[in-house]
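Chain by chain, the residues:
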Amino acid sequence: MKQRVFSGIQPTGKITIGNYLGAVKNWVYLQEKYDSIFCVVNSHAITTKQDPYLLREQTYDMVAILLACGIDPKHSSLFIQSEIDTHPALSWILNCNIPMGEMERMTQFKDKAQKNPKNINVGLFDYPALMASDILLYQTDLVPVGEDQKQHLELTRNVAQRFNRDFGECFKIPEPLIAKSGARIMGLDDPTSKMSKSSTAQNHAIFLLDTPKEIEQKIKKATTDSHSSIVFDPDRKGVYNLLCIYELFTQKSREEIETEFIDQGYGVLKKRIAEAIISTLSPIQEEYLKIRHQIDYLAEVLNQGREKVQPIAESTYKKAKELVGLI
Ligand code: TYM
């Protein structure tokens, strides 16, 4: 029996190379070895204000981009979160087993609340319970995510362990799978903050659908420093971030990269990084444009994904319900 991988991505905003390198690229790599389930988490997206029409469009955009990145329906089940009702249903049961204090410690809620002071809603606070439900419903072994999701994974493990102890065996305890490199791609304009879809700063992020010109310009303007050597030094945050991006897009070793740039300046480094990003993203963009409007194809992939995973979710939910005495 293959171990099971589950992960999710929000359909809001444009997908960045941070999402790609920290998550999606690894999903593609893992999908043949594991029983893989990937979810476009649109119910999570409504914790911040969304235009309903745009949300629907962006959900399909995300499905198409995941497929274009290499998620293969032959190996992975891909579905939309809101299509399976047991996600919010189980999160209610989990809610009743998460102490307020544990939820109050979540740093993402604090960050998001600070950025959105006019819409601090209960769903935003409760977001990690729905995420725990996503993962636990599928008896997941491994959850490949970027580093920013680590605390949510810890909460998921805690609630599962507590539930199993208090009510009886129900959930598998999932392990986070956080890659050594790429788990936290930083903003190009400010290498002390995580690259994020929601930033409005012009040169903060590279999006998967950026044109070659946009990519070149953003990399050209990326923050570096006044040193002359090009080496992987985590204390030199801007250059380190750029080198990690180069490493992940080229699959070259750190040694190889440092040798490549001996006696070279940042101009050459930036040119090579832009080239590496463009050559990876061009075929993804081509495929995206080809399939984005093949609505029947996208619907077929999603139906097939949902039909495969729904019984797993229903069986876990039924068990949890019975264990807490809800029937
Ligand atoms: P989301 O949509 O913000 O991001 C999707 C994935 O991309 C990773 N990521 C990054 N990795 C490296 N560097 C970055 N700058 C960067 N930015 C984002 C995220 O860590 C994530 O893996 N809560 C989740 C979605 C979710 C989920 C789940 C994930 C909902 N239910 C169940 C796993 C399992 C989120 O908002 O991801």
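A quick note: this is a predicted structure, and the numbers were derived from the prediction, not measured. Chains are numbered independently. Their residues run from 1 in the order of the written sequence. In keeping with the predicted nature of the model, local features appear solely for residues at pLDDT of at least 70, side-chain atom pairs appear and are counted solely at 80 or more, and the whole-chain, interface and lining totals rest on all residues. Where side-chain values are given, they derive from all heavy atoms of the structure, hydrogens and water being excluded.

1. Things to note about the side chain of R306
For R306, the position within the fold is in helix 13 (residues 295-324). Here the term buried applies to any residue with accessible area under 20% of the maximum for its type, exposed to any over 50%, and partly exposed to those in between, with areas from a 1.4 Å probe on protein chains only. The charged-residue count follows a simple rule in which Lys and Arg add positive charge and Asp and Glu add negative charge, with His and chain termini not counted at all. Every case where a carboxyl oxygen of Asp or Glu lies within 4 Å of a side-chain nitrogen of Lys or Arg is listed as a salt bridge. Buried R306, no salt bridge; nearest opposite-charge side chain is E83, N-O distance 4.1 Å. Contact criterion: two residues are considered in contact whenever any of their non-hydrogen atoms come within 4.5 Å of each other. Residues in contact with R306, not counting those within four places in the same chain, are L78, F79, E83, I84 and P311. Helix and strand assignments follow DSSP, with helices taken as H or I runs no shorter than four residues and strands as E runs no shorter than two, numbered in order from the N terminus.

2. Examining the nonpolar core
Think of a nonpolar core as a cluster: buried Ala, Val, Leu, Ile, Met, Phe, Trp, Tyr and Cys residues, connected wherever their side-chain atoms sit within 4.5 Å. Ranked by internal contacts, the top residues of the largest apolar core, which has 61 residues, are I17, L66, I219, I245, F249 and I277. With eleven residues, helix 12 (residues 266-291) is the largest single contributor of residues to this core. Counting residues in hydrophobic clusters, the runner-up holds 37 residues, among them F109, M131, I135 and F163.

3. Some words on the pattern of salt bridges
Under the definition given, this model contains 16 salt bridges. One salt bridge in this structure joins E57 and R292, with 3.1 Å as the shortest N-O distance. Taken together, the positions of E57 in helix 3 (residues 52-69) and R292 in the loop between helix 12 and helix 13 put the pair 235 residues apart, joining distant regions of the chain. Exposure remark for E57: the relative accessible area of 30% places this residue in the partly exposed category.

4. A short note on the site of the ligand
A cutoff of 4 Å decides nearness: a residue is near a molecule or strand if any of its heavy atoms lies inside that distance of it. Neighbouring residues of the ligand: 27 residues in total, closest Y127, D134, G146, D148 and I185. Each accessible area value is a Shrake-Rupley result obtained with a 1.4 Å probe; residue values ignore everything except the protein chains displayed when judging cover. Isolated, the ligand exposes 710 Å² of accessible area, and the fraction of that covered by the protein chains is 96%. Gly counts as polar in this scheme, as do all residues outside two lists: the nonpolar Ala, Val, Leu, Ile, Met, Phe, Trp, Tyr, Cys and Pro, and the charged Asp, Glu, Lys and Arg. Split into classes, the residues belonging to the shell around the ligand amount to twelve nonpolar, ten polar and five charged.

5. Some remarks on the packing of aromatic side chains
Two numbers describe a pair of aromatic rings. These are the distance of the centres and the angle of the planes. Stacked, tilted and edge-to-face are the three classes assigned to paired rings of Phe, Tyr and Trp, where Trp is represented by its six-membered ring and a pair needs centres within 6.5 Å; plane angles under 30 degrees give stacked, over 60 edge-to-face, the rest tilted. Evaluation of the coordinates by the stated rule reveals nine aromatic pairs. Arranged with centres 5.8 Å apart and planes meeting at 55 degrees, the rings of F79 and Y138 form a pair that is tilted. Of this pair, F79 sits in strand 3 (residues 76-80) while Y138 sits in the loop between helix 7 (122-136) and strand 4 (142-144), and the two are 59 residues apart along the sequence. Ring pairing ties together the aromatic residues F6, F79 and Y138, which thus form one cluster. Taking NZ or CZ as reference, K112 lies 4.7 Å from the ring centre of Y127, over its face. Only Lys NZ and Arg CZ are tested; either one counts as a charge over a ring when it is within 6 Å of the ring centre and within 35 degrees of the ring normal.

6. Some remarks on the side chain of R236
Counting through the fold element by element, R236 comes out in the loop between helix 9 (212-221) and helix 10 (237-250). Assessed through its relative accessible area of 8%, R236 is described here as buried. In the analysis that follows, any N or O atom pair within 3.5 Å is treated as a polar contact, provided that within protein one partner can donate a hydrogen and the other can accept it, and provided that, for residues neighboring in sequence, both atoms belong to side chains. Side-chain polar atoms of R236 contact the backbone oxygen of S229, separated by 2.7 Å. Ignoring sequence-local partners within four residues, the contact set of R236 consists of D225, H227, S229, V231 and Y266.

7. A short note on the environment of T16
With respect to the element layout, T16 can be found in the loop between strand 1 (4-9) and helix 1 (17-30). Residue T16 is classed as buried on the basis of its relative accessible area, which comes to 1%. Separated by 169 residues in the primary sequence, T16 and I185 place their C-alpha atoms 9.7 Å from one another. With sequence-adjacent residues up to four places away left out, T16 is seen in contact with M195, S196, K197, A205, I206, F207 and L208. A distance of 3.0 Å separates a polar atom in the side chain of T16 from the backbone nitrogen of G18.

8. Some details on the state of the cysteines
Two cysteine sulfurs form a disulfide in these notes if their separation is within 2.5 Å. Using the criterion set out here, one finds zero disulfides in the structure. With no disulfide of its own, C69 lies 16 Å from the sulfur of C39, the closest cysteine sulfur. Take C69: its relative accessible area is 10%, and that puts it in the buried class. No disulfide involves C96; its nearest neighbouring cysteine sulfur is the one of C170, lying 15 Å away. The class of C96 is exposed, set by a relative accessible area of 51%.

9. A short note on the pairing of strand 3
Burial analysis of strand 3 places five of its five residues in the buried class, which makes it a mostly covered element. Strand pairing follows a simple DSSP-based rule, namely that at least 2 bridges must link the two strands. Bridge count for strand 2 (residues 35-40) against strand 3 is five bridges, and the pairing is parallel. Its bridge partner being in strand 3, F38 is matched across the sheet by L78.

10. Digging into helix 7
Each helix should span, by expectation, one fewer than its residue count multiplied by 1.5 Å. Taking 1.5 Å per residue as the helical rise, helix 7 with its 15 residues ought to reach 21 Å, and the 21 Å between its terminal C-alpha atoms agrees with that figure. At P128, helix 7 shows its strongest bend, of approximately 40 degrees. Summarising burial for helix 7: 13 of the 15 residues are buried, a large majority. Its side-chain oxygen 3.0 Å from the backbone nitrogen of G123, N121 forms the N-cap of helix 7. We define the bend at each residue as the angle formed by axes fitted to the 7 residues ending at it and the 7 residues starting at it.

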